[in-house]
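For reference, the chains in residue letters:
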Amino acid sequence: MSGMLSFDEEGARRLETTYTTPDVAGQRREVRRILALRPGEHVVDIGAGPGLLAVELAAEVGPDGRVHAVEPSPSMRALATDRPRPPRSAPVEVTDGSANALPLPAASVDAGVCTQVLEYVADVPGALAEARRVLRPGGQLLVLDTDWDSIVWHSRDPARTARILAAWDQHLVDPHLPRTLAPALRAAGFTDVRTEVLPLLDVGYDPNTYSAHNAETIAEYLHGRSGTDADDVRAWFADVTSMGGAAFFSLNRYAFLATAA
């Protein structure tokens, strides 16, 4: 792995903008549908980022519930802390922590959610064991991650796009994590593992989409990075952002819902 994404204040704001696009907002709706929280439940959002999902979970569990938003990035925690909550929502407690070190007592939450986090984590078995530790018996964990081999990104130069995406894979610990998540969950003490695919689909270029924002993130990440050609990156970015009505992007994310034994 050549380097992880880092989130200073500007990077955190950029990710927040990506997460407010209609396609990512739709993904959060699907996550909430699958998790099916009940009023009064206590929930942990592991790797809460800018807190968009956390405040939506707070509205679902209501004033008698509680949401713990655990996030290691100070810039992300600042955004999550300042995020307004709808009326009659649960309190949202934003705290420092990571997937492998949750600042919560054992058996203290009814549900956990971890979206687009574990593919960045070196010790996935340890992170799943930590999630199991904080869940009450019978509690549920929803994990969502991407298999980046599922990406379909139309361009005028497919070979160049393949080079760019291969280099982009280096920002992850495991770009194919969903393939091994079901057995990893069972090994960590979870049962009844159920899976759904949640595709992101953008047809026609629109700057307010996940793919448009992600193109910018990829180009910035690869700029000046060893093993990539700056002209190649600039040409790729200009290409995929100028496709107009011919633009096509699809990416599969996989949701795993499991029960703590």
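Residues numbered from 1 in each chain as written. Predicted model: local features only at pLDDT ≥ 70, side-chain atom pairs only at ≥ 80, totals over all residues. Heavy atoms only, no water.

Draft legend 1. Layout of the overall build of the chain. From N to C terminus, the chain includes nine helices and eight strands. For 261 residues, the compact-globule estimate of 2.2 N^0.38 gives 18 Å, and the chain sits close to it at 18 Å. Reported as C-alpha extents along the three principal axes, the dimensions of the chain are approximately 50 × 40 × 30 Å. The buried share among the 261 residues of the chain stands at 54%. (Helix = DSSP H or I, 4+ residues; strand = E, 2+ residues; numbered from the N terminus. Rg over C-alpha atoms; globule rule 2.2 N^0.38 Å. Buried < 20%, exposed > 50% of the residue type's maximum accessible area, 1.4 Å probe, protein only.)

Draft legend 2. Spatial organisation of the nonpolar core. Core analysis: the largest hydrophobic core is formed by 28 residues, its most contacted members being Ile46, Leu118, Leu128, Leu141, Leu181 and Phe190. Taken together, the elements giving at least two residues each to this core come down to strand 1 (42-46), strand 4 (109-115), helix 5 (124-134), strand 5 (135-146), helix 7 (178-187) and strand 8 (248-260). Those residues in contact with Phe190 that sit more than four places away from it in its chain are Leu128, Ala131, Arg132, Leu135, Leu141, Leu185, Ala258, Thr259 and Ala260. (Core = buried A, V, L, I, M, F, W, Y, C linked by side-chain atoms within 4.5 Å. Contact = heavy atoms within 4.5 Å.)

Draft legend 3. Representation of empty space enclosed by the protein. Taken as a whole and assessed by the stated rule, the structure comprises two cavities of 30 Å³ or more. Reported here for the largest cavity is a volume of approximately 100 Å³. If you trace the largest cavity, you find 15 residues lining it, with Trp153, Tyr205, Ser211, Val240 and Ala247 closest to the centre. For the lining of the largest cavity, the secondary structure elements donating two or more residues are helix 8 (210-222) and strand 8. (1 Å grid on protein atoms, 1.4 Å probe; cavity = no way out; pocket = protein on both sides within 12 Å on 5 of 7 lines; lining within 4 Å. Points joined across faces, edges and corners; volume = space filled by probe spheres on them.)

Draft legend 4. Broad picture of helix 1 (residues 9-19). Taken residue by residue, helix 1 has Gly11, Ala12, Arg14, Leu15, Glu16 and Thr18 as its buried positions. On its buried face, helix 1 is in contact with helix 2 (22-35), helix 3 (52-61), helix 4 (74-82) and helix 8.

Draft legend 5. Molecular detail of the packing of aromatic side chains. Taken as a whole, this structure holds five aromatic pairs when the rule is applied. Ring centres of Trp148 and Trp168 lie 6.3 Å apart, and the angle between their planes is 80°; this geometry places the pair in the edge-to-face category. Taken together, the residues Trp148 in the loop between strand 5 and strand 6 (152-153) and Trp168 in helix 6 (residues 158-168) connect sequence positions 20 residues apart. For Trp168, a relative accessible area of 2% corresponds to the buried category. Taken together, Trp153, Tyr210, Trp236 and Phe249 form an aromatic cluster joined through their ring pairs. If you follow Arg225 out to its NZ or CZ, it ends over the ring of Tyr221, 4.0 Å from the centre. (Phe/Tyr/Trp six-rings, centres within 6.5 Å; stacked < 30°, edge-to-face > 60°. Lys NZ or Arg CZ within 6 Å of the ring centre and 35° of its normal.)

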